[in-house]
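Chain by chain, the residues run as shown.
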Amino acid sequence: MIILIGGSFAADSFMRFPVPGTNEPHYLTKARHYWNPQWCADDFFLESSNAHLFFFQTVGAVTQVLSLPLTAVLGRIAGFLLLAIGWYRLINILCPGFWAPLITAWFYLALAAIGNFSGEWIIGGIESKVFAYGFLFLALANACEQNWNRAGIYAGLTITWHPVVGVWSLACSLFALACLAFFNRKNLDRKTLVHSLKAAIPALGCLLLCSLPGLVPSLALLMQGDPKDSFAANYIQVFYRLKHHLDPMDFNLFSYLMYAVLLVTWLFLARKESPSFTSRFFQFFIIGTVGLACIGILLGAGPRPASEMPYYAFRMSLLKFYPFRLFDALLPLAFSVAIFHLIQQYLHVDSEQKTTPAWLPPALRKTILAVLCLGIFSGTLYSAWNHPPIHKMTPAQRADWIDACEWIRDHTPEESLFLTPAHATDFKWYAQRPEYVTYKDCPQDASGIVEWNRRLKYLRKWGQEYYNEGFDDRALQALQQKTGITYLLVKRLGPFTTIDPIYQNRTYKVYQLP
C-alpha cells in the first residue's frame, strides 16, 4: 500500500513537473554550491545565506556524486516514499480500512490539480518541505495515538527540515491539545495533570533536540541585518517578491471560493465523526490551521499600496512567516478524510437495522465506487500529462533555451558572470555558470533581499537609460564596471550596436562583453 501511495505521488509529480520541476534548480544548485563553493562561484544567490541548511547538508552531498537531474529523481523518490509512509500511518488511524490511505491520496491529488489557496503544494519537485510534511504526518499519527515521545521526535525533524512548517505545526498541535483539555476540563484532576506533565517533559526534550539542526540556523538568519534592512526586506518579500504566497489581497477569488467550499463541507461532515481523542485532536489541529489563515487574512486586509494600512510594518513582519501555508496544504487532506468517512457510511450495511432491500447491493456499490476512484485518479494523471509546462515556453523555445545553456557550459570559462533573461529559472542547472541576479533566486536574509532588489532595479534603470540609442560600448562599459558581468544571454534585449553574438539560435543570443 505504501508503494502504491508513493507511486501515485511520483506519477503525478513526474508527469506534472518534469525534471527540473518547481524550485528544483533553486534548491539543488544551492545544495551543490554548498558542498563545492567553486561551482558557479560568485553567483549572488548561491553565495547568500542558507535558510534551509539541513537540506543543503544532506541532499547537497548527493550532488557531489550524482548529476543534478539524477539527484532530483532520487530526491523525489525518497521524499515521496517518506510522504507515503507518513500518509499511510496517519490515514490508517483516521480512516480504518485497507484502501483508505490510497483513496484519500487520490482525492488529495485531484484537489491539488484543481488549485490551491496561497501557492502551497506538497507534490511537485523535491525541496525541504517535502521531507518536512512526511515527518509532520508521522508526528500527527503518533500524537493521535498518544505516543508523545515519538511525536516529539518527528515534530522536531519537521522543524529541522523546514522550520516554518514545523513551528506552525507545533503551534497547531498545542492549540489542539489546549482545546481537548478545555472540553475535558471536568475530568481533569491533580493526578491527571501530573501524569500529563511527566509525559510532556521527555517529549519536549526529544522535540527540542531533534529540531536544533534546523532551528539554530533559522534563528541566526532572522537576527541578521539591521532594522532598516529588515524593514525593507519584509516589504519586498510580502508585497512584491512573494506576494502570491503572503499577501491575501493578491490571492484570486477562485482560491477563496474553493477553500470556502472545502472548509464548510469539512465542518459539516466532521460533526458526524466519532468523538474519540484521535478524531478530535486531528479536527482541532485543522481548526488551528484555519485560525492561522484567518489571522493572516486580517493582517493583510487593507488598502493598497500597503503603506496606507495602519501598523503595516508590524503586520508585514508577521505575514512574512507564511500563515497560510498549513491551511493551504492540509485542508484538502481533512476534506479527503471526511469524504472517505462519508463513503464508508454509504458502504456500511447494518443487518440488524436493515428492514428493506437496499437500492444497490453492497458488492455493486463497492464496484461503482472503485471505478469512480480510479476515474478520479486517471483524470488527475491526464490533467498532469496535459498540464502546460511551468517554464511557459513553447517546445521550440525550450529546446533553444537548453541549446544555448549547453553551448555556454561547453564554450565559456567557469569564472564567467552572466546576465540572463529576468525570469529565467534554470540557467545554472543547464549552463553551470553564475548569474548576476535573477528574479526567481531571491535570498532569504534581510541584507541579501535588499541587495537582490537593488541589482534588479539597477538593471532596469540601465536598460531604460541606454535603450533609445542602442547599447553601444559606453553602455556595455557602464554595465561591466558596475556589475562585473562578462557575458550576456538575451532573448529580446538589444540592439547591441558594437558587438556581435558569439552564438545564437532561433530564440537566444550569447554576447561577450569587450
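Just so it is clear, the model here is predicted, and its values are computed rather than measured. (Residues numbered from 1 in each chain as written. Predicted model: local features only at pLDDT ≥ 70, side-chain atom pairs only at ≥ 80, totals over all residues. Heavy atoms only, no water.)

S.K.: Got a sec to walk through the overall build of the protein chain? Specific residues and values, please.
M.R.: A tally of helices and strands in the protein chain yields 20 helices and four strands. Taken against the 2.2 N^0.38 rule, which gives 24 Å for 514 residues, the C-alpha radius of gyration of the protein chain at 26 Å falls within 12% of a compact globule. By principal-axis analysis of the C-alpha atoms, the protein chain measures approximately 90 × 55 × 50 Å. When each of the 514 residues of the protein chain is scored for burial, the buried share is 50%. Taking the intrachain contacts of the protein chain between residues at least 6 apart in sequence as the baseline, contacts between residues at least 24 apart amount to 72%. For the protein chain, the accessible surface area stands at approximately 24500 Å², while carbon and sulfur atoms represent 64% of it. Put simply, the protein chain has 42 plus and 34 minus side-chain charges, and the middle of one group is 10 Å from the middle of the other. (Helix = DSSP H or I, 4+ residues; strand = E, 2+ residues; numbered from the N terminus. Rg over C-alpha atoms; globule rule 2.2 N^0.38 Å. Buried < 20%, exposed > 50% of the residue type's maximum accessible area, 1.4 Å probe, protein only. Contact = heavy atoms within 4.5 Å. Areas by Shrake-Rupley, 256 points an atom, 1.4 Å probe, with all protein chains shown as cover. Lys, Arg positive; Asp, Glu negative; His and termini not counted. Charge placed at Lys NZ, Arg CZ, Asp CG, Glu CD.)

S.K.: I'd like a description of the packing of helix α6 (residues 128–144) against helix α15 (residues 325–347), backed by residues and values.
M.R.: Across the interface, α6 lies against α15 with an axial gap of 13 Å and an inter-helix angle of 55°. Here α6 is positioned oblique relative to α15, judged by the angle of their axes. Of the two possible hands of crossing, α6 and α15 adopt the one that is right-handed. Across from K129, Y133, L136 and F137 in α6, the residues of α15 making contact are R325, L326, A329, L330 and L333. (Axes fitted to C-alpha atoms, helices over the stretch in contact; angles between N-to-C directions. Parallel < 35°, antiparallel > 145°, perpendicular 65-115°, else oblique. Left-handed = near helix turned anticlockwise from the far one by under 90°.)

S.K.: Residues and numbers for the environment of A384, please.
M.R.: Looking at where A384 falls in the secondary structure, it is placed in helix α16 (residues 362–385). Along the chain, A384 and A113 lie 271 residues apart, while their C-alpha atoms are 7.6 Å from each other. Here A384 is in contact with D12, M15 and R16, once residues within four sequence places are set aside.

S.K.: Pulling in residues and values, what's your account of the pairing of strand β2 (residues 487–490)?
M.R.: What you see with β2 is no split at all: Y487 and L489 on one side and L488 and V490 on the other are buried throughout. Across two bridges, the pairing between strand β1 (residues 418–419) and β2 is parallel. Counted as the bridge partner of L419 is L488 from β2. Across four bridges, the pairing between β2 and strand β4 (residues 509–512) is antiparallel. Looking across to β4, one finds that Y487 is bridged to Q512. (Pairing = 2+ DSSP bridges.)

S.K.: Give a detailed account of helix α10 (residues 227–241), specifying residues and quantitative values.
M.R.: The α-helix advances 3.6 residues per turn, and as a result positions three or four apart in sequence lie on the same side. If you check α10, its first and last C-alpha atoms are 20 Å apart, about what 15 residues at 1.5 Å a residue would give, namely 21 Å. Residues of α10 that are buried: A233, N234, I236, Q237, V238, F239 and R241. Buried positions along α10 lie against α11 (243–246), α14 (312–319) and α19 (446–466). In this structure D226 caps α10, since a side-chain oxygen of it lies 3.2 Å from the backbone nitrogen of K228. (Expected span 1.5 Å × (residues − 1). Polar contact = N/O pair within 3.5 Å; in protein donor to acceptor, adjacent residues only side chain to side chain.)

S.K.: Describe in detail the sheet that holds β4, supporting the description with residues and values.
M.R.: Strand order in the open sheet made by the four strands is β1-β2-β4-β3, with mixed pairing throughout. Every interior strand has two partners, whereas the edge strands, β1 and β3 (503–504), have only one.

S.K.: Which residues make up the pairing of β4, and what values go with them?
M.R.: The pairing of β3 with β4 spans two bridges and is antiparallel. Paired with Q504 across the strands is K509, a residue of β4. The antiparallel pairing of β3 with β4 creates a hairpin that spans four residues between the two strands.

S.K.: Could you give me a rundown of the pattern of salt bridges, with the residues and numbers involved?
M.R.: One pass over the structure, following the stated rule, counts 14 salt bridges. Here D247 makes a salt bridge to R304, at a shortest N to O gap of 2.5 Å. Of this pair, D247 sits in the loop between α11 and α12 (253–270) while R304 sits in the loop between α13 (277–300) and α14, and the two are 57 residues apart along the sequence. Look at R304 and you get partly exposed, because its relative accessible area is 32%. A salt bridge links D441 to K428; the nearest nitrogen and oxygen atoms lie 2.9 Å apart. Of this pair, D441 sits in the loop between α18 (427–431) and α19 while K428 is found in helix α18, placing the two residues 13 residues apart along the sequence. When its relative accessible area of 4% is taken as the criterion, D441 is described as buried. (Salt bridge = Lys/Arg side-chain N within 4 Å of Asp/Glu carboxyl O.)

S.K.: Describe the state of the cysteines, naming the residues involved and giving the relevant values.
M.R.: Taken as a whole and judged by the stated rule, the model has zero disulfides. Of all cysteine sulfurs in the structure, the one in C179 sits closest to C172, which takes part in no disulfide; the separation is 10 Å. According to the relative accessible area criterion, C172 is buried, its value standing at 2%. Assessed through its relative accessible area of 14%, C179 is described here as buried. (Disulfide = S-S within 2.5 Å.)

S.K.: Explain the environment of A399 to me, using residue names and the numbers behind them.
M.R.: With respect to the element layout, A399 can be found in helix α17 (residues 395–411). Sequence separation between A399 and A424 is 25 residues, and the spatial gap between their C-alpha atoms is 14 Å.

S.K.: Outline helix α9 (residues 190–222), listing residues and values.
M.R.: Helix length check: α9, at 33 residues, gives a terminal C-alpha distance of 40 Å against a target of 48 Å (1.5 Å per residue), a shortfall beyond 12%. Residue L212 marks the point of greatest curvature in α9, where the axis turns by about 65°; the proline P213 follows within four residues. For α9, every residue scored as buried is listed here: A203, L207, S211, G214, L215, P217, S218 and L221. Residues of α9 that are buried make contact with α3 (53–63), α7 (148–161) and α8 (163–183). (Bend = angle between axes of the 7 residues up to and from the residue.)

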